[in-house]
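Each chain, letter by letter, is given below.
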Amino acid sequence: MIRLNDILDKVSAYNPAADLDLIKKAYVYSAKLHQGQVRKSDEPYIIHPMEVAGLLADLKLDAQSLAAGILHDVVEDTFASIEEIEEIFGRDVAFLVDGVTKLSQMTFSTKEEQQSENFRKMIVAMAKDIRVILIKLCDRVHNMRTLDHMAPDKRARIAQETMDIYAPLANRLGISWIKIELEDLSFRHLHPQEYQDLVDTLAQGSRERQKFIDEVRSIIAKKIEENGLKPEIHGRIKHLYSIYRKMRSQNVNLDQIYDIIAFRVLMNTIPECYEALGLIHSMWKPVPGRFKDFIAIPKLNMYQSLHTTVIGPHGDRVEIQIRTAEMHRVAELGIAAHWRYKEGGKGLDDKDEKRFAWLRQLMEWQKELKDPTEFMESVKLEMFADEVFVFTPKGDVVELPRGATPVDFAYHVHTDVGNHCTGAKVNGHIVPLKYRLKNGDTIEVVTSSTQRPSRDWLAFVSTSRAKAKIRAFIRAEQRERSRDLGREILTRELKKYGLNLQKLIKSGDIVRVAKEFELRDSEDLIVQVGYGKLAPSDILPKLVPPEKLGEPAPEPQESKLDKLIKKVSGKSRTGVSIQGVDDVLVNFAKCCNPIPGDKITGFVTRGRGVTVHIASCPKVFNYEPERRVDVNWNLREKIIRPVCLKVMTADRPGVLAGISKAFSEAGINISEANCKVLDGGGGAINLFTVGISDIEQLRGVMKALEKVDGVQQVDRVAQ
């Protein structure tokens with residue numbers, strides 16, 4: 001356990017004028033309130049906030065941040081209030097504590113909604129004071145270090161949230177050591193077997209790798225020192241998750257990864273960095289396409305360095321980063337390295353504000369995207385993006401995610417430019433809208449006032465902003481069509497009883513009925529009818545007197561519209577209940593093909609009943625949130641659903657027999673198989689369509705397949 005004096009010593013070392021009494025007072029207050037409380041590990045609870053404060057001291061933050069770190073759980077876990085903290089410790093400390101405190105007092109319908117609302121609150125707070133997220137990250141680091149004491153399902157949920165949200169946030173803030181530790185800890189809990197296998201494999205060759213590191217470091221040092229320069233050189237194994245991710249993406253084993261060792265060369269000045277680069281390239285041939293100059297064009301998280309990969313001793317690839325000591329400090333501490341507490345201010349200077357434009361983007365999303373699932377999807381997409389740097393015709397640098405297209409660029413410029421984008425010129429040449437932008441491209445957007453966004457664009461755009469704007473436009477069009485359809489349906493049904501829809505709207509009767517259904521206004525009610533979520537039979541009893549409603553209405557000739565409405569009802573043996581009702585037409589989305597046990601969501605689709613998707617399916621964001629309905633698996637019904645599994649294998653005899661045996665022993669029938677050997681001896685891709693009863697059966701057979709000798713990877717894929 002870290003002691004109070006250890007923390008005070010750290011703070012005094014980097015800030016002799018710090019208010020140490022504030023930190024001491026926070027410790028006494030927190031220890032008193034947490035007295036008697038223990039963590040899952042049976043350790044006194046106070047250990048956790050003290051460890052968080054120690055990590056904040058490693059980031060060299062001010063006394064208010066450390067006090068807030070020590071107090072960050074008192075509002076959630078004790079009887080303390082924000083008002084009391086403000087009275088004792090001041091407004092700033094209270095604001096920081098409130099920004100980190102979870103919304104535990106509020107009730108949410110789903111875990112996703114709770115996660116989304118917690119994150120929304122944190123975004124608003126960190127936009128006002130960036131220290132909020134620094135405290136939260138340190139809190140998450142210590143929680144991940146002690147995650148072993150949690151229940152397995154909770155471990156997996158917290159680790160996934162950390163990998164999806166907090167590790168990418170640390171990366172965006174430029175704090176590399178936190179990003180690396182959170183990724184490795186999440187990897188350990190999400191894929192324990194793969195983690196341990198990688199640890200064991202790396203341990204076997206550690207002596208040889210250390211010998212190689214010493215050799216390369218000596219050669220580089222000698223070459224640079226011969227030219228009158230004094231470098232500081234470090235060699236290291238890349239962190240575990242980055243190695244694992246590369247193995248997965250390239251579908252190779254560890255012994256086929258050639259650049260798991262990276263070297264860092266620290267120089268005194270920027271000119272010396274370029275001189276060292278030239279000397280290294282004069283010794284070893286650089287690998288084409290692997291040189292990046294982040295000194296001339298820094299990343300938006302302030303990271304600066306020269307990156308190169310060369311063919312080093314013994315023909316091995318060697319990755320080398322060259323930077324100054326100050327650049328290295330910023331690379332390790334990120335935004336914390338630029339923190340300056342100013343009298344009357346709480347944040348970043350104007351230069352840093354520009355670097356954190358992504359934070360303003362998050363603020364925009366948390367205002368615009370009301371659907372929790374779509375909001376969190378946009379956050380994850382933005383946080384994980386690798387960058388590509390392109391230029392405007394005027395020479396301004398624009399950072400976009402790798403894989404971005406001219407449409408992404410257009411929406412980055414302005415929503416109207418994106419909505420009316422018809423084409424683009426890259427480096428003076430016309431390119432397709434699907435063109436993937438490359439580093440250094442100069443791009444000019446071509447627009448037309450008659451152009452409108454297409455749903456097809458969603459298949460190739462990369463940025464959350466472009467996706468959100470395209471979806472918003474499509475939804476507006478869909479809502480307009482549903483409003484027209486709903487108006488037509490209601491007008492016809494009301495006419496049977498001598499009522500006029502327009503007069504009922506003017507009199508306020510339709511608004512009154514809308515309020516009874518907890519809708520905002522008459523337009524919302526009409527739209528719900530058009531979507532199929534409300535039927536005229538739900539509305540008529542609230543507008544037509546009972547005695548008149550009971551009179552048989554004349555049977556009109558069945559129109560196409562009637563057939564459309566009738567099509568969405570009828571018995572369906574699908575094993576799915578729609579808001580507790582079993583007799584609604586149900587379709588399973590082919591894009592994600594859900595099976596019992598998957599977390600699912602449903603959307604009303606005109607003429608086709610309810611379409612069921614896996615809740616995390618990207619396609620669900622193409623629908624308006626208003627069309628979403630609650631769906632659940634009906635466990636009383638036993639159904640078999642088709643699932644497609646992609647099995648990557650070595651190309652050798654007996655593998656397919658082992659796979660067939662694994663399916664057979666699991667009681668699973670193969671309805672279709674497609675096997676293809678890759679060129680160049682790279683193994684084989686095998687696609688199997690099988691009948692699965694539930695998610696547990698699927699997980700079981702996937703684990704069984706992974707144990708078959710020669711099987712390299714097993715994935716569930718869309719059919």
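Here the structure is a predicted model, which means the values were calculated and not measured.

Draft legend 1. Structural view of the nonpolar core. Leu 71, Ile 85, Val 93 and Leu 137 are the most contacted members of the largest nonpolar core, which has 60 residues in total. If one sorts the elements of this core by residue count, helix α9 (residues 131–145) sits on top with 8 residues. Sequence-distant contacts of Leu 71, that is, excluding residues within four places in its chain, are made with Ala 26, Tyr 29, Ser 30, Ile 85, Phe 89, Val 93 and Val 97. Formed by 39 residues, the second largest nonpolar core is a distinct cluster that contains Ile 224, Ile 243, Cys 273 and Leu 277.

Draft legend 2. Region of the structure containing the packing of helix α3 (residues 47–58) against helix α4 (residues 63–71). Where α3 meets α4, the axes come as close as 7 Å, and the angle between the chain directions of the two elements is 155 degrees. On the basis of the axis angle, α3 is roughly antiparallel to α4. α3 and α4 meet at a crossing whose hand is right-handed. On α4, the residues that touch Pro 49, Met 50, Val 52, Ala 53, Leu 56 and Ala 57 of α3 are Ser 65, Leu 66, Gly 69 and Ile 70. Tallied by class, residues from the contact of α3 with α4 come to 8 nonpolar, 2 polar and no charged.

Draft legend 3. Fine view of the sheet that holds strand β13 (residues 600–605). Ordered in space as β12-β14-β13-β15, the 4 strands form an open sheet in which the pairing is mixed. Looking at the sheet topology across the chains shown, the edges are occupied by β12 (586–588) and β15 (628–629). When β13 meets β15, the two strands line up antiparallel, connected through 2 bridges. Within β15, the residue paired with Gly 602 across the bridge is Val 629.

Draft legend 4. Main features of the environment of Tyr 274. Structurally, Tyr 274 can be placed in helix α15 (residues 270–283). Between the alpha carbons of Tyr 274 and Ile 322 there is a distance of 8.3 Å; along the sequence they are 48 residues apart. Sequence-distant contacts of Tyr 274, defined by excluding residues within four places in its chain, comprise Asp 293, Ile 295, Ala 296 and Leu 306.

Draft legend 5. The arrangement of α15 in detail. Counted at 1.5 Å a residue, the expected span for α15 with its 14 residues is 20 Å, and the 21 Å between its end C-alpha atoms agrees. On its buried face, α15 sits against α13 (206–225), β2 (261–267), β4 (306–311) and β5 (317–324).

Draft legend 6. Here's a closer look at helix α24 (residues 509–516). For α24, the set of buried residues is Ile 510, Val 513 and Ala 514. Projection of α24 onto a plane perpendicular to its axis shows the buried side chains occupying an angular sector of 105 degrees, all on one side. Residues of α24 that are buried make contact with α23 (501–507), α25 (522–531) and α26 (536–539). Following α24 by one or two positions, Glu 518 adopts a phi angle in the positive range, close to 60 degrees.

Draft legend 7. Inspection of the pattern of salt bridges at higher detail. According to the stated counting rule, one finds 28 salt bridges in the structure shown. Residue Arg 3 pairs with Asp 6 through a salt bridge whose shortest N-O separation is 3.2 Å. The class for Arg 3 is exposed, based on a relative accessible area of 53%. Between Arg 652 and Asp 709 there is a salt bridge, with the nearest N and O atoms lying 3.1 Å from each other. Residue Arg 652 is located in the loop between β17 (641–649) and α29 (655–665), and its partner Asp 709 is located in the loop between α30 (695–706) and β20 (711–717); the two are separated by 57 residues in the primary sequence. Take Arg 652: its relative accessible area is 40%, and that puts it in the partly exposed class.

Draft legend 8. Structural context of the side chain of His 307. In this structure, His 307 sits in strand β4. A residue is classified by how much of its surface remains accessible, and His 307, at 16% relative accessible area, is buried. When neighbours within four sequence positions are excluded, His 307 is seen to be in contact with Arg 290, Phe 291, Lys 292, Phe 294, Ile 320 and Gln 321.

Draft legend 9. The confidence of the model for the protein, seen in detail. Here the protein averages 81 in pLDDT, and 82% of its residues register 70 or above. For residues 559–572, every residue scores under 50 in pLDDT, and the model assigns this stretch 29 contacts once sequence neighbours within four places are set aside.

Draft legend 10. Focus on unusual backbone geometry. Of note, Lys 60 is a non-glycine position whose phi angle comes to about 60 degrees, a positive value. Tracing the chain through its elements places Lys 60 in the loop between α3 and α4. In this structure Lys 60 comes out as partly exposed when scored by relative accessible area, which is 44%. You will see that Glu 518, though not glycine, has its phi angle at about 60 degrees, which is positive. Assignment of secondary structure puts Glu 518 in the loop between α24 and α25.

Rules of the game
- Residues numbered from 1 in each chain as written.
- Predicted model: local features only at pLDDT ≥ 70, side-chain atom pairs only at ≥ 80, totals over all residues.
- Heavy atoms only, no water.
- Core = buried A, V, L, I, M, F, W, Y, C linked by side-chain atoms within 4.5 Å.
- Buried < 20%, exposed > 50% of the residue type's maximum accessible area, 1.4 Å probe, protein only.
- Helix = DSSP H or I, 4+ residues; strand = E, 2+ residues; numbered from the N terminus.
- Contact = heavy atoms within 4.5 Å.
- Axes fitted to C-alpha atoms, helices over the stretch in contact; angles between N-to-C directions.
- Parallel < 35°, antiparallel > 145°, perpendicular 65-115°, else oblique.
- Left-handed = near helix turned anticlockwise from the far one by under 90°.
- Nonpolar A, V, L, I, M, F, W, Y, C, P; charged D, E, K, R; others polar.
- Pairing = 2+ DSSP bridges.
- Expected span 1.5 Å × (residues − 1).
- Arc of directions from axis to C-beta.
- Salt bridge = Lys/Arg side-chain N within 4 Å of Asp/Glu carboxyl O.
- pLDDT = per-residue confidence, 0-100.

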